[in-house]
Amino acid sequence: MSQASSSAYNTQRNRYYNPVTRIQSLIQNLDAELITLCRQCSLPKNIGSNGNSPFSSLLSQQQLQTGNINNISTTQSRISSQPLSTLTLAPDAHRRQLRSTYRTRVIDAYRNRKIFTVFGNYHTVRRALVRRGWLEKLPAGRHAKLQTMSEEALLEHARRGNDYEAVVLSKMINNFPSFFIWQSKAQRDLFSEVKPYRNRVRRSHFLDFSTKVGLVGCAEQERWFREDGVCGMSYPRFYRLGPNSMEDRAAFIEDYHQTQARSLLRYVKEHRPAEMADPEHGEVLSFTLEFALNKVKTMIRQKEHYSLDDARTKMPTEMIENQSFMGQSSKVLHSHAKFKVSEKVMTEYARLSAQYLDQIEALRLDYRWDGSRNLWILKPGYQSRGIGIVMRSSLDDILQWTSNNQNRKYIVQKYIERPYLIYRTKFDIRQYMLLTISDSQVTIWTYRDCYLRFSSQEFTLDDLRESIHLTNNSVQKRYKNKLNRDSRLPKHNMWSLEQFKGHLRQVGAPDNTWTKIYNGIKQNLVAVVLASLDETELVPNAFELYGCDFMLDERYNPILIEINSTPDLSASTEVTARICPLVLKDCIRVVLDVPRNPLATTGLFERAFQVNHNVNKELNGTRPLELNGTQMKLCETLPKARPNPRSRLLRKIFNNVRATTSRKLGKDKSKTVTTPQTTKLIVGKVGSPKLSRASWNLDGKVGLNSKTRENLALQYTAPK
Ligand SMILES: Nc1ncnc2c1ncn2[C@@H]1O[C@H](COP(=O)(O)OP(=O)(O)OP(=O)(O)O)[C@@H](O)[C@H]1O
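If you're wondering where the values come from, they're calculated on a predicted model, not measured in any experiment. (Residues numbered from 1 in each chain as written. Predicted model: local features only at pLDDT ≥ 70, side-chain atom pairs only at ≥ 80, totals over all residues. Heavy atoms only, no water.)

### Quick word on helix H20 (residues 497-506)
- Three or more residues of H20 are buried, namely Leu-497, Phe-500, His-503 and Leu-504. The buried residues of H20 occupy an angular sector of 115° when projected down its axis, which confines them to one face. Counted as exposed and oriented over 90 degrees from the buried face of H20: Glu-498, Arg-505 and Gln-506.
- Contacts made by the buried residues of H20 are with strand E11 (441-454), strand E12 (494-496), helix H21 (513-532) and strand E13 (543-552). (Buried < 20%, exposed > 50% of the residue type's maximum accessible area, 1.4 Å probe, protein only. Helix = DSSP H or I, 4+ residues; strand = E, 2+ residues; numbered from the N terminus. Arc of directions from axis to C-beta. Contact = heavy atoms within 4.5 Å.)

Okay, here's the thing in structure tokens:
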């Protein structure tokens, strides 16, 4: 980011920064400095006989509360006229008294587990904790100069609420642990032994959904948790292209070829036959279209489970055909080359293309987001703020780019070519999610408010620059808004939820559109968290606030783009200046107030889902998982065949085996768990039920599983 744009950004940011607290603290610090100066110059020490500070009296209480600081300069001019003789120093006795008061506060804070540490400029969090009677243990870098002063010196200047008081209190609680820690993700987890409220939930990097690679992992697991209307992810398909991802690489190449076929059909569907056909000079043979139609037809059959050709190894001729198809179709898609067919034939191809596309898109909803460019977005696996993101459409370019940047563990994701646009401009939705963990439960909270972030330029697929396609604020703040943009778009590129709802009404979207979008967002987030839960450290009192980015498709369906574990909560525009402090305040309500009082207000956070994780804990110990279900009547459903010599032989086999197996089972009774109505299986690992032996008990009878039965039958009937 250039220096100029950075300073412009800071100025803009300061416009929304509430300065009152800062002024209060500055004034109190000035008091203390003045007293020290007086001492050095041997001036009379009786500053403010009433104990009030000389500077703080300059700002009325009302000014401080309302934040009206416009006439501050007039009050400042009174400083010089204030006689120093009215200023006093705190006497020794007062200092002693202060120390004892502070000590009591410190002991109380420790007893009530009310000591906190906040790393970074999260003043809203600090204020929310102080308001709840917590004491701050300062990180080393905060008020660094004051932290080098002795306790005596600090006590001398300490006044209610000033920095000296904060530092002296912090020094006094230095040896106590913090019971609330707001820290960065990379920082070491201090004081784990006291189970503090900590804004970090740790999980294995395979399923850490706040990284791109982890989100791919969650997307792979998500299918086991999918439940209509409750949880399910909707995301552009992606593949890992790091050095050890050969399987993903092969899958991506196959997907790329399939996408090319669908892209060609979409191209044909969206153009007039007369534009595309040229029976005399056309460069592209009809074979290309037939190849694409066949490929999509096979995909439809595979999706409908008619064909299992997927796993079949490709014949060399097919590979050559594929190569030729890729070359020819690229000519159409990128250079608008014409087909060597008549208009009439082209019309028929267009009809078939539309039909096949509709069929495949009904089976795979995410294919609707694809256009006719076969565009992909490449993202470094563990980076953020748009760093290293590029867009490519050629397969060779994509593979080349990832092998040139192997250490950045790139993932490739299908680019959404047909997003929902507002006034021809791309946007995404920033939604907040909070995860809290208690002794027994994991709760997913979603925020009922959110905001939109617009791109600074109009959307087009003819230009792949980040200023058009990456809507995150960290990228867009580097660019000026394009002059030809629709004037109804916000200058600072953000809309509140209310503004978006207004827009939906204006464009005639159905009344419940936002409710549907929000429900879709919730389902995505629940699915991601559930998918990652197996590899999440369920530490009681841990919590984490996430900034989740969604786009919308043309039918207002939310599409999950990414989840940030350290969302930007700075007041960069008037929209974020309103929502970010509220999110933090409500986050503290959920984290601190709800455990003490389940009915406490949670602001705009609402419980989206709750999981009882104690169940899993028990299973990790010695207790086996019991699966309860209705018994399958296996023996009764055997076909009643006419007795023939062979079936008589089989019955003999069964009779023989029953006796021996029941004898065996009898010895091992303690390990078999059955009830008359249910069959309970012993499982080795959660989620992977295994029968511990080859036979089991049904209604008091002993049955065999099919494999054992088959083996025995073979043994007895095979020719000797
Ligand atoms: N598959 C996609 N299709 C279309 N646009 C996308 C896609 N993936 C990302 N984008 C756009 O690129 C932007 C940045 O993507 P993403 O959030 O994944 O990157 P990031 O580096 O993690 O950014 P940040 O950390 O700032 O959120 C998104 O805000 C979105 O506008």
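### What about the pairing of E11?
- When you tally the buried positions in E11, you get 12 out of 14 residues, the bulk of the element.
- Summarising the sheet, strand E10 (residues 427-437) and E11 pair through 10 bridges and their orientation is antiparallel. Within E11, the residue paired with Asp-428 across the bridge is Arg-453.
- Turn length for the E10-E11 hairpin, with the two strands adjacent in sequence and antiparallel, is 3 residues. (Pairing = 2+ DSSP bridges.)

### A short note on the packing of aromatic side chains
- By the definition in use, this model includes 24 aromatic pairs.
- Ring geometry for Phe-252 versus Trp-376: centroids 4.9 Å apart, planes at 85°, classification edge-to-face. A residue pair is termed long-range when its members are at least 10 positions apart, and Phe-252 in helix H12 (residues 246-270) and Trp-376 in strand E7 (residues 376-380) qualify at 124 residues.
- With relative accessibility at 0%, the residue Phe-252 sits in the buried group.
- Ring geometry for Phe-427 against Phe-500: centres 6.0 Å apart, planes inclined by 55°, an arrangement best described as tilted. (Phe/Tyr/Trp six-rings, centres within 6.5 Å; stacked < 30°, edge-to-face > 60°.)

### Examining the site of the ligand
- Close contacts around the ligand come from 24 residues, with Lys-212, Gly-386, Thr-471, Asn-472 and Glu-562 the closest.
- His-469 places a polar main-chain atom, nitrogen or oxygen, 3.5 Å from an oxygen atom of the ligand.
- The separation between an oxygen atom of the ligand and a polar side-chain atom of Asn-472 is 2.7 Å.
- Against a free-state accessible area of 610 Å², the protein chains account for coverage of 98% of the ligand.
- In terms of residues, the shell around the ligand owes the most to one element, strand E14 (residues 558-564), which gives 3 residues.
- When residues of the shell around the ligand are sorted by domain, at least three fall in each of domain 3 (237-415) and domain 4 (427-615). (Near = heavy atom within 4 Å. Polar contact = N/O pair within 3.5 Å; in protein donor to acceptor, adjacent residues only side chain to side chain. Areas by Shrake-Rupley, 256 points an atom, 1.4 Å probe, with all protein chains shown as cover. Domains from an automatic or database assignment.)

### Re the sheet that holds strand E2 (residues 115-118)
- Pairing within the open sheet is parallel, and its 4 strands lie in the order E3-E2-E4-E5. The sheet is open, and its two edges are formed by strand E3 (135-136) and strand E5 (197-198), each paired on a single side.
- Pairing of E2 with E3 involves 2 bridges; the strand directions are parallel. Looking at the pairing, Ile-115 lines up with Leu-135 of E3.
- Packed on one face of the sheet, helix H7 (residues 123-131) meets E2, E3 and strand E4 (180-182) and runs near 170° to E2.
- Of the strands in this sheet, E4 and E5 are in contact with helix H22 (residues 574-596), which crosses E4 at around 155°. (Axes fitted to C-alpha atoms, helices over the stretch in contact; angles between N-to-C directions.)

### Looking at the sheet that holds strand E8 (residues 390-392)
- If you walk across this open sheet you meet the 4 strands as E6-E9-E7-E8, and the pairing is antiparallel. Edge positions in the sheet fall to strand E6 (238-240) and E8, since each has one partner strand and no second. Strand after strand, the sheet turns through a mean of 25° between neighbouring axes, direction not considered.
- Where E6 and strand E9 (residues 410-414) come together, 3 bridges link them in antiparallel fashion. Residue pairing in the sheet places Phe-238 in a bridge with Gln-413 of E9.
- Strands in contact with H12 are E6, E7 and E9; relative to E6, the strand with the most contacts, it is inclined by about 150°.

### Examining the side chain of Asn-322
- Relative to the assigned elements, Asn-322 resides in helix H15 (residues 316-335).
- Residue class for Asn-322 comes out buried when judged on its relative accessible area of 11%.
- One polar contact links Asn-322 to His-257, side chain to side chain, over a distance of 3.0 Å.
- Setting aside residues up to four positions removed in sequence, Asn-322 forms contacts with His-257, Phe-291 and Lys-295.

### Focus on the side chain of Arg-453
- Tracing the sequence through the fold places Arg-453 in strand E11.
- A distance of 3.1 Å separates polar atoms of two side chains, one belonging to Arg-453 and the other to Asp-549.
- Once residues lying within four places of it in the same chain are set aside, the contact partners of Arg-453 are Lys-426, Phe-427, Asp-428, Arg-430, Thr-471, Asn-472, Asn-473, Asn-493 and Asp-549.

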